[in-house]
Every structure is written in structure tokens, then in C-alpha cells.
There are 2 protein chains.
Amino acid sequence: MQILMPEVARQRIAGRLKALGPDLEVLSLSEPGAFLRDGEPAPDAVVDPQVIWATLDGYATLLPIFFDVALKSERPPWLQLPFAGVDQPVCKRLMAHGVRLTKGRGQSPAIAEFIVAHALSLIVPIGQQAKLQAEKTWAFTPWREVSQTRWTLIGYGAIGEAVARRIKPFGAHLTVVRRSSHDDGLADAVIGLPDLPTVLPHTDVLVLACALTDETRGVANEGLFAALKPGAILINIGRGGLVDEDALLAGLERDQPAHAVLDVFNTEPLPADSPLWTHPKVRVSGHTSHDGDGKQARTDAGFLENLALFRAGRPLIGEAALADVGLEG
Amino acid sequence: MQILMPEVARQRIAGRLKALGPDLEVLSLSEPGAFLRDGEPAPDAVVDPQVIWATLDGYATLLPIFFDVALKSERPPWLQLPFAGVDQPVCKRLMAHGVRLTKGRGQSPAIAEFIVAHALSLIVPIGQQAKLQAEKTWAFTPWREVSQTRWTLIGYGAIGEAVARRIKPFGAHLTVVRRSSHDDGLADAVIGLPDLPTVLPHTDVLVLACALTDETRGVANEGLFAALKPGAILINIGRGGLVDEDALLAGLERDQPAHAVLDVFNTEPLPADSPLWTHPKVRVSGHTSHDGDGKQARTDAGFLENLALFRAGRPLIGEAALADVGLEG
């Protein structure tokens, strides 16, 4: 079985790969064109991998090569992606060619930390306490507890699940919005996108963690903000295209939402003239919600777990469905 | 069975009390001296309660009366306290008189929210993101994940447990420091106070959530800060007397700790000339960490739960031990 990956990624897991058995031919790249076998130059290599591990190592230079190898393969491989989003056009082309895609899950716990930290820092009145401290005022700062809040997660993949595991112990009420009605026991309610308007008037924290598809593009639009509970917090770590930014700016005027935590934008980097940069109710971060330091170890472990499943002919974790990329099944 | 409580508290639970049976004589007070029975004036009342529910309703006026009734009782009652701390001298006097004291648990989830929200808001680089936003800089902000942090909780009562339930799903490592070696399955390690120095060099978040006793007074002293991991976060929601504030100020100079979140102080309200007010590495709040809005419902439910146990002759939840107030058992 031939596997292709970046050379730095191979070096991280070389020992664990070797333990899997002698039948693996491990090809790698540290720069375009120069294939290595077990880390040594392999000008004789016939590049026809059954498995491609596309990590973020060499994002700009190597990732396009991996996609190209997969797209030209006569025997389409399984390709492990480094990220959870499959809205890039190349993902649709890969799946149309027959490539099996699995979404990266290594970023999910970091993104969940980002989401929960931002939400909690707005619910517990840390900002109000800082203002009182600045004026040396000793005062109580009552708050509506996390335990009393209702969260709505649009999208319930690895990120949504990671958020659910972290907020349910606070006693928060959780509605997840997803295509399937599968219930993992964490959500208090599972609904489809058409039923979203029924929960918005009661939603304290609205998290956009879904893929960007024709169905979800602009899901956070004028109608959504008009229905949203005043005082709610919006957090978008999905894709900028999920939010109609003009509608958001209008909603913020009415506290629908009262705060927006935005890590992704319609145009990235966010243009200097965007009013979001300076809006007092908006937190802007630079598509960095995934950037926790546990990511790499999880990415490596996740690939090895999927590789073992692949070799055993069992279902892979996080495999994209045709519908995820806008293809019909 | 005679029960004494504030009238406003009685009104909140009157229906639930009635459901317990006709043998309860419910006395209450809305102002000193004027006892009520089932909410009606009862000048004939012989005040000799077996149960006193001391809530925070009428903290300044009624609480001293409840303590006084208990201290003068020839048949010392069970008294449900409104708070978890039993370091006030009156608690020792009550227990010396034979009064059974149970600690309030209604505040614990709110305090846990305060602790976790503050810690996460410092671990996930929200402050750094705000600075970048202020200068319109689009940049990654890598962070050491909560999943990679090690927490040490000094004290493991209701508050410590509530913190543990909320941070373990993040994958944080948790050491609890307590007298008993009882392990509830949440902590990764349980140690006694003498072993605290062994974990301090690896501690990322140090939470003081213990009672103030002769053993714990000044536990956060020069030696503790000298041993603490540089970059650590200190959170004190216990009592001001747990911290040597001069030693803390010296430690902050060396990032031992790098941040201090202080809700309690040696002198409260914190004097205007305290350097803590304006220290850039210190967050000051006004003994308000308990002030979540779920507190009252939990307080009511907790009393009723203990009342049912009391009537059944079963162990009460949160009963103070003699050692908690400095008495020998």
C-alpha cells in the first residue's frame, strides 16, 4: 500500500508507521517534484498512492500537488484533509473524480475552546468588572448564568460536538441544527434548518459551525437577525459567507445580536475599511480560532486512527458525503 | 417539627413545604421580632425550631437573629447556612453549642462559571486578539490550549467539584488538594497540602477554593509564588486571608503568577490605595463571584433536599465537620 504525505509529517509519525507493518510504501515530499521513500530520494518512485495525507505542513506548496496527484489518479485514493471545511471548489472536483475525502478533526477542540472562551467571557461580566476596577468601584456584578442560557449550534460536525461536550456540564440548553436527526445524547433538541426560526427568539448564543453550501450561504441574514433574541451573542467560526455582514451591522443596532465574535469574513483578510474592525460590539480575529497547540498531535493521531480503519476496510471517521460538496449521492 | 426562615424565602417554597405534610410548623420573619406562622402574625409562637433556614434574604437584619435563636436553643437545631464558608467566628460558636451546620451549595455553580470564564479568557488569547483588532492587524494568535493545561484546586468542596465538572471535558489535567484522599473520579490526582510544592512548578491555573482555617491562612505566600510555574494564573474566590498580598505583588513581577484574578481580599471592600486596583496583571472584582442568577433556585432546592433528608434521619448534604471551624472532633 502506497501512502503520500509531507516529509515533515512523515518524520513525526515514522516510528508509528513502521509499527503498522512492512507492506507500506511511504512516499513523501519536502519540496515539489522531489519524491522521497522512507525519507530518502526515490527518483524511481511510481507515484500512485492509495492514501494521501494532506497536512498543513507546506500548505501553499505541497497541498496543490497532493490534490493534483489525486485528481490525476486512475485509481482515486482516500485523501485525508487537514481541515474540516470542504467548501473549496477542489473538494467537489476531487469527490466528483471518485476520491474519498475525510475531514480533519484535529482543529475541532481548539475551535471549541475559542467558542466557549469567547462566549463565557461575554456572559460572565468580565468587561463590566474591568470597568469597575478602572474606576476603583467595589460592586456586585450579577449575571445571567451560563446555566440559564440556551445555545443554538448551526452545524453539528466535529466542532459542534466538541462545543456540546464542553458546555453541557454548565447546564446550558443546547439545540443543534443539522441535516440528520441523529442524536448523540448531548443535545437537548435536534432540528433542521427550516425550523431554525422557532428557536431564534430564545437563543442566547448562536454558533455558526456548519459547512458553507448553497443551503447555508447567508443563513445569518436580515430575517435571522430580526428573529434573534435581543442580547444574544453570535459566534462565526465557520465561513464568512454564512453571514450577511450588512444585515449583521443593522442587527447590532438593535442588539440582535448584542455581540458578534467573528473569526471569518466574506473577504479575508478583512479589508481595512470594513466597519467591523472598529464596531464596539464586534470582536474580530484573523481566522485563527483553530490555532491551539494541541492541533498537530491530534492531527497525527487522527490520521493514524483513520489509516488503521482504512487498512481494515472499515468506515473512516469524518468522511465527507457527496452532499457536503454539493454533489448528488 | 418547627422550622424558622425568612418570610420571603417561605413564600417562594410555601407550596413545596405544604406538600411535605401537616406536621410542619413554619415560622418566619420579615422584620426582627415579628414572628409569623404560615405567613400570618403569630404572637403566641414558642420559638424553638429544630430547623433554621438562614438564607441571604435579609442578610444584615435577619441572619444575626437566626444565629441568636440557634445559640440560645436548649435543643440545638440544624441550621442551613446561605454560604459555603464557615470561617466566620459565629460558625465556631454555633458548632461548639451543638448546632449542626450545613454549608450552602447554591453559589457553587456561579462561582465555577466565574472561575472557568476568567481562566479561559486568559488562556485563549482574547486580549491579544482585541489589541490586534484595535490596530486592524490580521494575524494568527496561537495559544497553549486549555487541553494542555494543568490545574491545581486548593480545596475541593462544592465549588471545586463544580469547577472539575466543567474543565475536565476540555481535557485539562486536574490535581486537587484536600484533607481527604477521597477521589470522585474527576481529579487526575488528589494530594494533601504538604505535597502542594511538588505540583506548583507544573501548575498553569491555581484556584484557591478552600476554607480559611489556621492551616490555610496565607497558603499563597512567598514560598508558593517562588515555586509556581512562571506564566501561571492565580484565581482566588475563597477568602482574602488565603493570600499574602505583598508576596503576590512581588511574584507578579516575575510572572509567578502572570495573572491574578482576585474576588476576595484581606480587607473588603478593597481600600482605594491598594496597588491591586491598578496592577496591569490583576483583575479585581468585588466579592461577586457568586452572583449568578441561578443561585436562588438552587438555594431553595438545596434546602428542600436537605430537609427531606433531615426528616428521614439521613446524612445531610454539605454538613460542616468540627475541624472545618477549628474544633476538635
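Asks: Please clarify how the interface of chain A and chain B should be interpreted in this entry.
Replies: It is common to give the size of an interface as the accessible area that goes away when the parts come together. Contacts between chain A and chain B engage 55 residues on the former and 55 residues on the latter. Both sides of the chain A and chain B interface together cover about 4,500 Å² of buried area, and 61% of this is carbon and sulfur. The largest per-residue losses of area from chain A upon contact with chain B belong to Glu 113, Gln 133 and Trp 138 of chain A, which jointly make up 19% of the total buried on that side. Our count for the contact surface shared by chain A and chain B stands at two salt bridges. Between Glu 145 of chain A and Arg 298 of chain B there is a salt bridge, with the nearest N and O atoms lying 2.7 Å from each other. The biggest single contributor to the side of chain A that touches chain B is helix H4 (residues 108-123) of chain A, with eight residues. Partitioned by chemical class, the residues of the side of chain A that touches chain B number 24 nonpolar, 18 polar and 13 charged.

Asks: Looking at this structure, I do not really get helix H2 (residues 63-72) of chain A. What am I missing?
Replies: Because an α-helix completes one turn every 3.6 residues, residues spaced three or four positions apart along the sequence face the same direction. If you check which residues of H2 of chain A are buried, you get Leu 63, Ile 65, Phe 66, Phe 67, Val 69 and Ala 70 of chain A. Packing partners of the buried residues in H2 of chain A comprise strand E1 (2-6), strand E2 (25-29), strand E5 (51-53), strand E6 (78-80) and helix H3 (89-96) of chain A.

Asks: It is not clear to me how the environment of Gly 238 of chain B should be interpreted in this structure. Could you clarify?
Replies: Residues and elements named next belong to chain B. As for its position among the elements, Gly 238 is in the loop between strand E12 (233-236) and helix H9 (245-253). Accessibility expressed as a relative area gives 8% for Gly 238, which makes it buried. For the pair formed by Gly 238 and Phe 265, sequence separation is 27 residues and the distance between their alpha carbons is 9.3 Å. Apart from the residues lying within four places of it in its own chain, the contact partners of Gly 238 are Leu 208, Cys 210 and Val 264.

Asks: What exactly am I supposed to notice about the relation of the copies chain A and chain B here?
Replies: Rotating chain A by 180° and translating it 0.0 Å along the rotation axis places it on chain B, where the RMSD comes to 0.0 Å. One copy is carried onto the other by what is essentially a two-fold rotation axis. Of the residues that chain A buries at the interface, 100% are likewise interface residues in chain B, meaning the two copies contact each other through the same surface.

Asks: What is the right way to read the sheet that holds strand E6 (residues 78-80) of chain B from this model?
Replies: Within a sheet, adjacent strands bond to each other through the backbone by hydrogen bonds, running parallel or antiparallel. Residues and elements named next belong to chain B. The strand order across the open sheet formed by seven strands is E4-E3-E2-E1-E5-E6-E7, and the pairing between neighbours is mixed. The sheet is open, and its two edges are formed by strand E4 (40-41) and strand E7 (100-102), each paired on a single side. With two bridges connecting them, strand E1 (residues 2-6) and strand E5 (residues 51-53) associate as parallel partners. What sits directly across from Ile 3, in E5, is Val 51.

Asks: Any chance you could explain unusual backbone geometry here in plain terms?
Replies: Apart from glycine, the bulk of residues carry a negative phi angle, and the bulk of peptide bonds sit in the trans form. All names here are of chain A. Omega for the peptide link from Glu 268 to Pro 269 comes to -10°, which places this bond in the cis form. If you trace the backbone, Pro 269 turns up in the loop between strand E13 (259-262) and strand E14 (282-284). Of note in the backbone geometry, Asp 38 takes a positive phi value of approximately 50° without being a glycine. Here Asp 38 lies in the loop between strand E3 (35-37) and strand E4 (40-41). A relative accessible area of 49% means that Asp 38 is categorised as partly exposed. A positive phi angle, close to 55°, is found at Lys 136, a residue other than glycine. Residue position: Lys 136 is located in the loop between helix H5 (126-134) and strand E8 (150-154). Take Lys 136: its relative accessible area is 36%, and that puts it in the partly exposed class.

Asks: How do you make sense of the confidence of the model for chain A when you look at a structure like this?
Replies: Across chain A, the average pLDDT comes to 95, with 100% of residues at or above 70. Per the prediction output, this complex has pTM 0.91; the corresponding ipTM is 0.91.

Asks: Can you help me understand the state of the cysteines in this one?
Replies: Among covalent bonds in proteins, the disulfide is the one between the sulfur atoms of two cysteines. Residues and elements named next belong to chain A. Scanning all chains against the criterion turns up zero disulfides over all chains. With no disulfide partner, Cys 91 has as its closest neighbouring cysteine sulfur the one in Cys 210, 16 Å distant. For Cys 91, a relative accessible area of 0% translates into the label buried.

Asks: Where do I start with the pairing of strand E13 (residues 259-262) of chain B in this structure?
Replies: Every other side chain in a regular strand lies on the same face of the sheet, so the side chains alternate between the two faces. Residues and elements named next belong to chain B. Where E12 lies against E13, four bridges are found, and the strand directions are parallel. Bridged to Ile 233 within E13 is His 259. For the handedness criterion, the β-α-β arrangement of E12, H9 and E13 is classed as right-handed. Where E13 meets strand E14 (residues 282-284), three bridges bridge the pair, whose relative direction is parallel. Pairing of Leu 262 across the sheet is with Val 284, part of E14.

Asks: What should I look at first to understand the packing of aromatic side chains in this one?
Replies: The geometry of an aromatic ring pair is captured by the separation of the ring centres together with the interplanar angle, meaning the angle of the planes. Throughout the structure, instances matching the rule amount to eight aromatic pairs over all chains. Their ring planes at 5° and their centres at 4.4 Å tell us that Trp 53 of chain B and Phe 303 of chain B sit as a pair that is stacked. In this pair, Trp 53 of chain B is assigned in strand E5 and Phe 303 of chain B in helix H10 (residues 295-311), connecting sequence segments 250 residues apart. Taking the relative accessible area as the measure of exposure, Phe 303 of chain B reaches 1% and is therefore buried. The interplanar angle of 35° and the centroid separation of 5.1 Å between the aromatic rings of Trp 78 of chain B and Phe 310 of chain B together place this pair among those described as tilted. On the criterion of sequence distance, the pair formed by Trp 78 of chain B in strand E6 and Phe 310 of chain B in helix H10 is long-range, its members being 232 residues apart. For Phe 310 of chain B, a relative accessible area of 19% gives the class buried. An aromatic cluster is present here, built from Trp 53, Trp 78, Phe 303 and Phe 310 of chain A joined pairwise through their rings. The side chain of Arg 166 of chain A reaches across the aromatic face of Phe 170 of chain B, ending 5.4 Å from its centre.

Asks: It is not clear to me how the sheet that holds E2 of chain A should be interpreted in this structure. Could you clarify?
Replies: Pairing is mixed in the open sheet, where seven strands are placed in the order E4-E3-E2-E1-E5-E6-E7 (chain A). This sheet does not close on itself; its edge strands, each paired only once, are E4 and strand E7 (100-102) of chain A.

Asks: Even after reading the chapter, I still don't get helix H10 (residues 295-311) of chain A, so can you show me in this structure?
Replies: Residues and elements named next belong to chain A. Taking 1.5 Å of rise per residue, 17 residues should cover 24 Å, and H10 covers 24 Å from first to last C-alpha, within 8% of that figure. Of the residues making up H10, those classed as buried are Lys 295, Asp 300, Phe 303, Leu 304, Asn 306, Leu 307, Leu 309 and Phe 310. Buried residues in H10 make contact with E1, helix H1 (7-18), E5, E6 and E7. One or two positions beyond H10, positive phi appears at Gly 313, with a value near 70°.

Asks: Sorry if this is basic, but what is going on with the packing of helix H4 (residues 108-123) of chain B against helix H6 (residues 158-167) of chain B here?
Replies: A pair of packed helices is characterised by two quantities: the angle between their axes and the separation of those axes. All names here are of chain B. One way to put it is that H4 packs onto H6 with a least axis distance of 8 Å and a crossing angle of 50°. Taken together, the axes of H4 and H6 lie oblique to each other. Between H4 and H6 lies a crossing of right-handed hand. Between H4 and H6, the residues in contact are Ser 108, Pro 109, Ile 111, Ala 112, Ile 115 and Val 116 and Ala 158, Ile 159, Ala 162, Val 163, Arg 166 and Ile 167, respectively.

Criteria and cut-off values
- Residues numbered from 1 in each chain as written.
- Chains lettered and ligands numbered in written order.
- Predicted model: local features only at pLDDT ≥ 70, side-chain atom pairs only at ≥ 80, totals over all residues.
- Heavy atoms only, no water.
- Contact = heavy atoms within 4.5 Å.
- Buried area = accessible area lost by both parts, 1.4 Å probe.
- Salt bridge = Lys/Arg side-chain N within 4 Å of Asp/Glu carboxyl O.
- Helix = DSSP H or I, 4+ residues; strand = E, 2+ residues; numbered from the N terminus.
- Nonpolar A, V, L, I, M, F, W, Y, C, P; charged D, E, K, R; others polar.
- Buried < 20%, exposed > 50% of the residue type's maximum accessible area, 1.4 Å probe, protein only.
- Least-squares fit on C-alpha atoms with pLDDT ≥ 70 in both.
- Pairing = 2+ DSSP bridges.
- pLDDT = per-residue confidence, 0-100.
- Disulfide = S-S within 2.5 Å.
- Right-handed = clockwise from strand over helix to strand, strands pointing away.
- Phe/Tyr/Trp six-rings, centres within 6.5 Å; stacked < 30°, edge-to-face > 60°.
- Lys NZ or Arg CZ within 6 Å of the ring centre and 35° of its normal.
- Expected span 1.5 Å × (residues − 1).
- Axes fitted to C-alpha atoms, helices over the stretch in contact; angles between N-to-C directions.
- Parallel < 35°, antiparallel > 145°, perpendicular 65-115°, else oblique.
- Left-handed = near helix turned anticlockwise from the far one by under 90°.

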